[in-house]
Amino acid sequence: MPRTPAPHTSPRLTGERGPDDQLLVLLVATWVLATGRTPPDRPIDQLGPEELIAFWADDETAGR
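**Q** Which parts of the structure should I look at to understand the nonpolar core?
**A** Side chains that are nonpolar tend, in soluble globular proteins, to be buried together. In this structure, Val28, Trp31, Val32, Ile44, Leu47 and Phe55 together form the largest nonpolar core, which totals 6 residues. No other element matches the 3 residues that helix 1 (residues 19–35) contributes to this core.

Encoded structure:
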């Protein structure tokens with residue numbers, strides 16, 4: 001059975017990837033799995049400060 005292309009569901013980076021970039025992808029993927037949030041629709045290294053805060057903010061600890 002052929003696979004249907006899935007919508008973007010994993011973090012992406014532009015350019016070459018080093019160990020730090022691989023760690024970033026791992027952390028973002030882990031956060032997506034832990035929170036159920038949708039990953040950003042463009043490469044992580046192209047997001048602005050507000051977009052990063054919106055993605056990483058933890059609603060459960062925001063009031064502490």
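On we go.
**Q** Would you explain the packing of aromatic side chains in this entry?
**A** Two measures describe an aromatic ring pair: the distance that separates the ring centres and the angle between the ring planes. The full count for this structure, using the stated rule, is 2 aromatic pairs. Plain terms: the ring middles of phenylalanine 55 and tryptophan 56 are 5.1 Å apart, the flat faces sit at 80° to each other, and that makes the pair edge-to-face. According to the relative accessible area criterion, phenylalanine 55 is buried, its value standing at 7%. Through pairs of rings, three or more aromatic residues link up here, namely Trp31, Phe55 and Trp56.

**Q** Help me understand a nonpolar patch on the surface in this model?
**A** A surface patch of nonpolar side chains, amounting to about 380 Å² of accessible area, comprises Leu23, Leu26, Leu27 and Trp56. With 3 residues, the single largest contributor to the nonpolar patch is helix 1. Along the polypeptide, leucine 27 turns up in helix 1. In this structure leucine 27 comes out as partly exposed when scored by relative accessible area, which is 44%.

**Q** Which parts of the structure should I look at to understand the pattern of salt bridges?
**A** Pairs can form between side chains of opposite charge once their charged atoms are near each other. Evaluation of the coordinates by the stated rule reveals 1 salt bridge. Here arginine 42 ties to glutamate 51 by a salt bridge, and the two come within 2.3 Å at their closest N and O atoms. Residue class for glutamate 51 comes out partly exposed when judged on its relative accessible area of 36%.

Cut-offs and rules
Residues numbered from 1 in each chain as written. Predicted model: local features only at pLDDT ≥ 70, side-chain atom pairs only at ≥ 80, totals over all residues. Heavy atoms only, no water. Core = buried A, V, L, I, M, F, W, Y, C linked by side-chain atoms within 4.5 Å. Buried < 20%, exposed > 50% of the residue type's maximum accessible area, 1.4 Å probe, protein only. Helix = DSSP H or I, 4+ residues; strand = E, 2+ residues; numbered from the N terminus. Phe/Tyr/Trp six-rings, centres within 6.5 Å; stacked < 30°, edge-to-face > 60°. Patch = residues over 30% accessible without salt bridge, like charges linked within 9 Å, V, L, I, M, F, W, Y side chains within 5 Å. Areas by Shrake-Rupley, 256 points an atom, 1.4 Å probe, with all protein chains shown as cover. Salt bridge = Lys/Arg side-chain N within 4 Å of Asp/Glu carboxyl O.

Remember that the coordinates give geometry; whether it matters functionally is a separate question.
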